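# Understanding the architecture of this molecule
Below, each chain spelled out in residue letters.
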Amino acid sequence: EPFGALDAQTRGHLRREIRALLKKVNVPAIFITHDQEEALELGDRIAVINVGNIEQIGTPAEVYNNPASEYVATFLGAANILDGIVRKDHVEMFSTMIPAQIDEKFKAGETVKIIFRPEDVSLSKTQPLPSGGTCLTSGIVEETSFVGAYERLRIRLDPAGGACETGDTPYYLTTETPESQAAKPIIVTRPKPETLAVKLHRGDRVFVGLNAFTILPRATRASATAGRSTRWRPASCSC
């Protein structure tokens, strides 16, 4: 971790200089770091290692957007994790059936992990959601934090507090969604323009939608050579 002792501004400047130099001289280099920003900015390919085993290898975009395991998802950036149930061409979460392209390795009725980044969540006090995301459930704003270029919120999902209006997308109420998800908190980030346009405060009720997420088996150990996850966007989104 050659940049470990440097302040943030110097680290950023040095990263850009080193990347430009390596591209110019065309010399392969291996960079070892726990800093996800350094890995994403410097790496043409990233290998995520967990207790001596390579969990996943790929480009920064591949590894970040399509993590092969829960470890990769949570190590390389913030990630929310919910349980879902495979229902043929849908994934069931809470009382909502979300249309999805289900990989053949997932069987109907199988409980899976739904992993999504904070920036892949849409929030709205009223429907429809601003980015066209598929509505999942409602929730209560528990905490807001100013983080410069964006706002970070903790939302406690509350399926019993208000259902999504369906619009043109079919949703079907069920009773078999894992009960452990009731009132589960998630982390959401909003860019500055959205934060300035719609103010949210602690205690506000909001509708929560997903723009994209990854489906993983409930219990799996990914290998560097076998893809084990499915990244998709809800059918109502423009891809």
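Up top you'll find the structure we're talking about.
Model, not experiment: these values are computed from the prediction. (Residues numbered from 1 in each chain as written. Predicted model: local features only at pLDDT ≥ 70, side-chain atom pairs only at ≥ 80, totals over all residues. Heavy atoms only, no water.)

Let us now look at the overall build of the protein. When helices and strands are counted, the protein shows five helices and 13 strands. The burial tally for the protein puts 41% of its 239 residues in the buried class. Within the protein, residue pairs in contact and separated by at least 24 positions form 67% of the contacts whose partners lie at least 6 positions apart. (Helix = DSSP H or I, 4+ residues; strand = E, 2+ residues; numbered from the N terminus. Buried < 20%, exposed > 50% of the residue type's maximum accessible area, 1.4 Å probe, protein only. Contact = heavy atoms within 4.5 Å.)

Quick look at the nonpolar core now. Ranked by internal contacts, the top residues of the largest apolar core, which has 26 residues, are Met93, Leu123, Ile155 and Ile186. Discounting residues that sit within four places of it in the chain, Ile155 has contacts with Leu123, Gly139, Ile140, Val141, Lys184, Pro185, Ile186, Val188, Val206 and Val208. With seven residues, the next largest nonpolar core counts Val63, Tyr64, Val72 and Leu76 among its residues. (Core = buried A, V, L, I, M, F, W, Y, C linked by side-chain atoms within 4.5 Å.)

Time to look at the environment of Asp7. The residue Asp7 is located in the segment before helix 1 (8-25) in this model. Separated by 2.8 Å, the side chains of Asp7 and Thr10 make a polar contact. (Polar contact = N/O pair within 3.5 Å; in protein donor to acceptor, adjacent residues only side chain to side chain.)

Turning our eyes to something else, we now look at the sheet that holds strand 11 (residues 205-210). In spatial order, the strands read 7-11-8-9-10; together these five strands make up an open sheet with antiparallel pairing. Edge strands, defined here as strands with exactly one partner in the open sheet, are strand 7 (121-124) and strand 10 (185-191). Taken pair by pair, the neighbouring strands of this sheet meet at an average axis angle of 45°, ignoring direction. Here strand 7 runs beside strand 11; their pairing, made up of four bridges, is antiparallel. (Pairing = 2+ DSSP bridges. Axes fitted to C-alpha atoms, helices over the stretch in contact; angles between N-to-C directions.)

One pass over the structure, following the stated rule, counts 14 salt bridges. Between Arg156 and Glu142 there is a salt bridge, and its shortest N-O distance comes to 2.5 Å. One end of the pair, Arg156, is in strand 9 (residues 150-157); the other, Glu142, is in strand 8 (residues 134-146), and 14 residues separate them in sequence. According to the relative accessible area criterion, Arg156 is partly exposed, its value standing at 29%. Assessed through its relative accessible area of 21%, Glu142 is described here as partly exposed. What you see here is one network of salt bridges that share partners, running through Glu142, Glu143, Arg154 and Arg156. (Salt bridge = Lys/Arg side-chain N within 4 Å of Asp/Glu carboxyl O.)

Let us now look at helix 1. Along an α-helix, a turn takes 3.6 residues, which lines up residues three or four apart on a common side. Taking 1.5 Å per residue, 18 residues should reach 26 Å; helix 1 reaches 26 Å between its end C-alpha atoms and fits that length. Among all positions in helix 1, only Arg11, Gly12 and Arg15 are buried. What you see down the axis of helix 1 is that its buried residues fit within an arc of 100°, all on one side. Those residues of helix 1 that are exposed and aimed more than 90 degrees away from the buried face are Gln9 and Lys24. Check the buried side of helix 1 and you find it contacts helix 2 (36-42). The residue sitting at the N-terminus of helix 1 and contributing the capping side-chain oxygen is Asp7; that oxygen lies 3.2 Å from the backbone nitrogen of Gln9. Asn26 lies just past helix 1 and shows a positive phi near 55°. (Expected span 1.5 Å × (residues − 1). Arc of directions from axis to C-beta.)

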